[in-house]
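So you can see what is in the structure, the chains are spelled out below.
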Amino acid sequence: MPRMENQYNWQAALPAQALAAIGAHAAPVLTAQSLTQTLRAADARFSVRLLYLGAAPFDALFAGGLPADAPGWFARDVLLCLNDVPVVWARSMCAAASQQWRLLLDCGTRPLGERLFDGSLPVQRSPFEFALLDKAVPGSGAAERLPARRSFFTMQGETLGLVECFLPALDQALAAR
């Protein structure tokens, strides 16, 4: 299967610039296994805002981890919020033919992490990869470089890609606790 080039410079190690960009209070969140659990532990109201669910073109954020030549793609975009303030933008993507992942992604405003980490699914997760994204993402309110991480989940031979981009408001929200 051909794979697209890694134009976002995803790396196994957390870049020092990512730590500087995110702030001291939010830095530990970058490596938390479950953002859902970590954000729910904050002294703030956690919520999920669904931005999009449906067919989508292949997103280069997943290049090198998902095969770019699948006949179609399915994506879910959300904002994870603390006290109604967006702190993380996340995109999940799978092949359109993957019924199991599509059903899992169709969870409305419930966090995907609830199902991925509740122990009920036979999923395997890749190690995190980190990058600084140059392009503005929904909810960021700015075009500065934002730290992001990605990982891939495999279940019964099918793969789901997940990118989580940490917004500037995260450090402020965690500092207030």
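Residues numbered from 1 in each chain as written. Predicted model: local features only at pLDDT ≥ 70, side-chain atom pairs only at ≥ 80, totals over all residues. Heavy atoms only, no water.

Per an unreviewed UniProt entry, the protein chain carries the name Chorismate lyase and comes from Uruburuella suis.

Student: Honestly, the pairing of strand 5 (residues 129–133) in this entry has me stumped. Any pointers?
Tutor: In summary, the side chains of a regular strand alternate between the two faces of the sheet. Counting buried residues in strand 5 gives four out of five residues, a clear majority hidden from the surface. Pairing of strand 5 with strand 6 (residues 146–155), which is carried by five bridges, proceeds in the antiparallel orientation. Each residue of the ladder has a partner; that of Leu-132, found in strand 6, is Pro-147. (Buried < 20%, exposed > 50% of the residue type's maximum accessible area, 1.4 Å probe, protein only. Helix = DSSP H or I, 4+ residues; strand = E, 2+ residues; numbered from the N terminus. Pairing = 2+ DSSP bridges.)

Student: I keep staring at the confidence of the model for the protein chain and nothing clicks. Help me out?
Tutor: Note: predicted coordinates in regions of low pLDDT should not be interpreted at a detailed level. Overall, the predicted model of the protein chain reaches an average pLDDT of 86, with 89% of residues at or above 70. Per-element mean pLDDT across the protein chain ranges from 75 in helix 1 (residues 16–22) up to 96 in strand 1 (residues 46–56). For residues 1–5, every residue scores under 50 in pLDDT, and the model assigns this stretch 14 contacts once sequence neighbours within four places are set aside. (pLDDT = per-residue confidence, 0-100. Contact = heavy atoms within 4.5 Å.)

Student: Would you mind showing me how to read empty space enclosed by the protein here?
Tutor: If you roll a probe as big as a water molecule over the atoms, it shows you where there is empty space left. If you walk through the whole model with that rule in mind, you get one cavity of 30 Å³ or more. Lining of the largest cavity is provided by 19 residues; of these, Thr-36, Leu-112, Gly-113, Leu-162 and Glu-164 occupy positions nearest its centre. Of the residues assigned to the lining of the largest cavity, the class counts are 10 nonpolar, five polar and four charged. (1 Å grid on protein atoms, 1.4 Å probe; cavity = no way out; pocket = protein on both sides within 12 Å on 5 of 7 lines; lining within 4 Å. Points joined across faces, edges and corners; volume = space filled by probe spheres on them. Nonpolar A, V, L, I, M, F, W, Y, C, P; charged D, E, K, R; others polar.)

Student: Even after reading the chapter, I still don't get the environment of Asp-84, so can you show me in this structure?
Tutor: Summarising the element assignment, Asp-84 is placed in the loop between strand 2 (73–82) and strand 3 (85–95). Linking Asp-84 and Arg-45, residues 39 residues apart in sequence, is a C-alpha distance of 7.5 Å. What Asp-84 contacts, discounting residues up to four positions off in sequence, is Arg-45, Ser-47 and Arg-49.

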